[in-house]
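Summary of the model geometry
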Amino acid sequence: MAVIGLDLGGTKLAGACFDDAGNILLREVAQLGGRTGKEVGMIICELANYLISSLQSEVSISAIGLSVPGIAYVETGTVWAPNIPGWEAYPIVQELTDSLEMDLPVLLDSDRSCYILGEAWKGKAKDCKHAIYMAVGTGIGIGVMIDGRILRGKGNIAGAIGWMALHHPYHEKYNACGCFEYHASGTGLARVARELLDAQPSYGGPLGRLQGDPTAQDVFIYAAEGDSIAQQVLDEAIVYWGMAIANLVSIFNPESIILGGGVFGPASQFLDQIQAEAKKWAQPISIKQVKLEVSELGGNAGLIGAGYLALRASL
C-alpha cells in the first residue's frame, strides 16, 4: 500500500509517494511561478496524476493527502489561502478528485495540522499523545495534537497564534497579522529592525549601512557580528517566543513543543534562552514536564504530514 502527500506553499508545491512505512518512493517539486487561482489548482492536479502514473505499475495507491496554507475547510473541501490570489473559498478537493485517473479519497488539512502529523509519524512527536508544532517563518502558527488527535476548532482555524496578545496597549499595526507575528515572525524580525533603524537615523552599525531594508537573515548575520540593533531585535524575539511557549504549556500541558519553520533554522541557537524565558511565565509543573525541541524534518514536515493524513485514512 502507498499514499500520496501534497504540500502547497506560497511559492511551490511539493509532492511525494510514501509506502506505509513512510519511505519516500518518488518526490517532485513544482514551482508556482506567480500563478494564481485555478492555475494553482491545475498544478496540484497535474502533479498528483504524475505521481500516480509514475508508480501505478509498482504500488497500489490508496489515498491522497493535501496540506494547504491558510484555512482548510475540511467539511466542504475548500481552502482560504491569503497568499494565493483567487483562493478565498477554492474547491480544491472536488477539483482534484474530478481530475484523477483513478478513484481515490482526497484528504485536506491545514499546513499547521500537517506539521504536527509529520512530527507524529516521522519526527520528534513520534511517541507523544500531546504535542505542539510551532512554525515560525513568514508567519507564525501551531499544530496541536491532544490525546493523539488534531485540534482544529470551529471553522478549522485553531492554531493561528500569530494573533496571540503578548504586548499592550494594542496598536493598529497589529491589525494585519497580530501582535506575536508582528514582532517575532521572520517578516516581523525584519520589520522591527527597520523600525529601530528609522528611530536612529544616524546609527552607524553594519545593519544601518545596508542598502535597502534588512531581512531576517541580515538580523541573524549582523547580530552574530555584534550589531546592537540586530541583537536588540533578537533579544526581544526571544522574550516573545518564550512567552508564547509558556502560554501554550500552561493551556495545553503538552509533552513536547517542536519548533520549526524558516526561522528555526538560525534561531535554534537560542533554544536554551527561549526555554529559560518560558520558565518565568509558565505553569511551574507543566513547564517541567515539557520537552522543547527543534524539528529535524525541516521543510518536509508538511509533506510528510500530508502523507500521514492519507495513510491514516487508509488504515
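Everything quoted here is computed from the prediction, not taken from an experiment.

Calculation rules
- Residues numbered from 1 in each chain as written.
- Predicted model: local features only at pLDDT ≥ 70, side-chain atom pairs only at ≥ 80, totals over all residues.
- Heavy atoms only, no water.
- Salt bridge = Lys/Arg side-chain N within 4 Å of Asp/Glu carboxyl O.
- Helix = DSSP H or I, 4+ residues; strand = E, 2+ residues; numbered from the N terminus.
- Buried < 20%, exposed > 50% of the residue type's maximum accessible area, 1.4 Å probe, protein only.
- Pairing = 2+ DSSP bridges.
- Axes fitted to C-alpha atoms, helices over the stretch in contact; angles between N-to-C directions.
- Contact = heavy atoms within 4.5 Å.
- Parallel < 35°, antiparallel > 145°, perpendicular 65-115°, else oblique.
- Left-handed = near helix turned anticlockwise from the far one by under 90°.

1. Description of the pattern of salt bridges
- Per the stated rule, a full pass over the model turns up nine salt bridges.
- The partner of Glu 293 in a salt bridge is Lys 124, with the nearest N and O atoms 3.7 Å apart. One end of the pair, Glu 293, is in strand β12 (residues 291–294); the other, Lys 124, is in the loop between α3 (111–122) and β8 (131–136), and 169 residues separate them in sequence.
- Take Glu 293: its relative accessible area is 13%, and that puts it in the buried class.
- Lys 124 sits in the partly exposed class, given a relative accessible area of 27%.
- For the salt bridge of Lys 173 with Glu 195, the shortest nitrogen-to-oxygen distance reads 3.8 Å. Placement of Lys 173 in the loop between β10 (149–150) and α4 (179–184) and of Glu 195 in helix α5 (residues 186–199) is noted, with a sequence separation of 22 residues between them.
- Judged by relative accessible area, which is 37%, Lys 173 ranks as partly exposed.
- Several salt bridges converge on common partners, so that one network encompasses Lys 124, Lys 291, Glu 293 and Glu 296.

2. A look at the sheet that holds strand β3 (residues 24–31)
- With mixed pairing, five strands are arranged side by side in an open sheet as β3-β2-β1-β4-β7. Edge positions in the open sheet fall to β3 and β7 (106–110), since each of these has one partner strand only. Going from strand to strand, the sheet's axes swing by 15° on average, the running direction of each strand aside.
- Note: strand β4 (residues 61–68) against β7, five bridges, orientation parallel. Of the residues in β7, the one forming a bridge with Val 68 is Ser 110.
- Helix-sheet contacts for helix α10 (residues 301–314) involve β1 (2–8), β2 (12–19), β3, β4 and β7, and the interaxial angle to β1 is about 140°.

3. Overview of the sheet that holds β12
- Strand order across the open sheet formed by five strands is β10-β9-β8-β11-β12, with mixed pairing between neighbours. Since the sheet does not close on itself, it has two edges, and those belong to β10 and β12, each with one partner.
- Across five bridges, the pairing between β8 and strand β11 (residues 256–260) is parallel. Note that in β11 the partner of Ala 131 across the bridge is Ser 256.

4. Some thoughts on the environment of Gly 148
- Along the chain, Gly 148 turns up in the loop between β9 (140–146) and β10.
- On the basis of relative accessibility, which here comes to 29%, the residue Gly 148 falls in the partly exposed class.
- For the pair formed by Gly 148 and Cys 128, sequence separation is 20 residues and the distance between their alpha carbons is 7.5 Å.

5. Overview of the packing of helix α7 (residues 228–252) against helix α8 (residues 271–281)
- At a minimum axis distance of 7 Å, the contact between α7 and α8 shows a crossing angle of 50°. Considered as vectors, α7 and α8 are oriented oblique to each other. The way α7 lies across α8 gives a crossing that is right-handed. Between α7 and α8, the residues in contact are Ile 238, Val 239, Trp 241, Gly 242, Met 243, Ile 245, Ala 246 and Ser 250 and Gln 273, Ile 274, Glu 277, Ala 278 and Trp 281, respectively.

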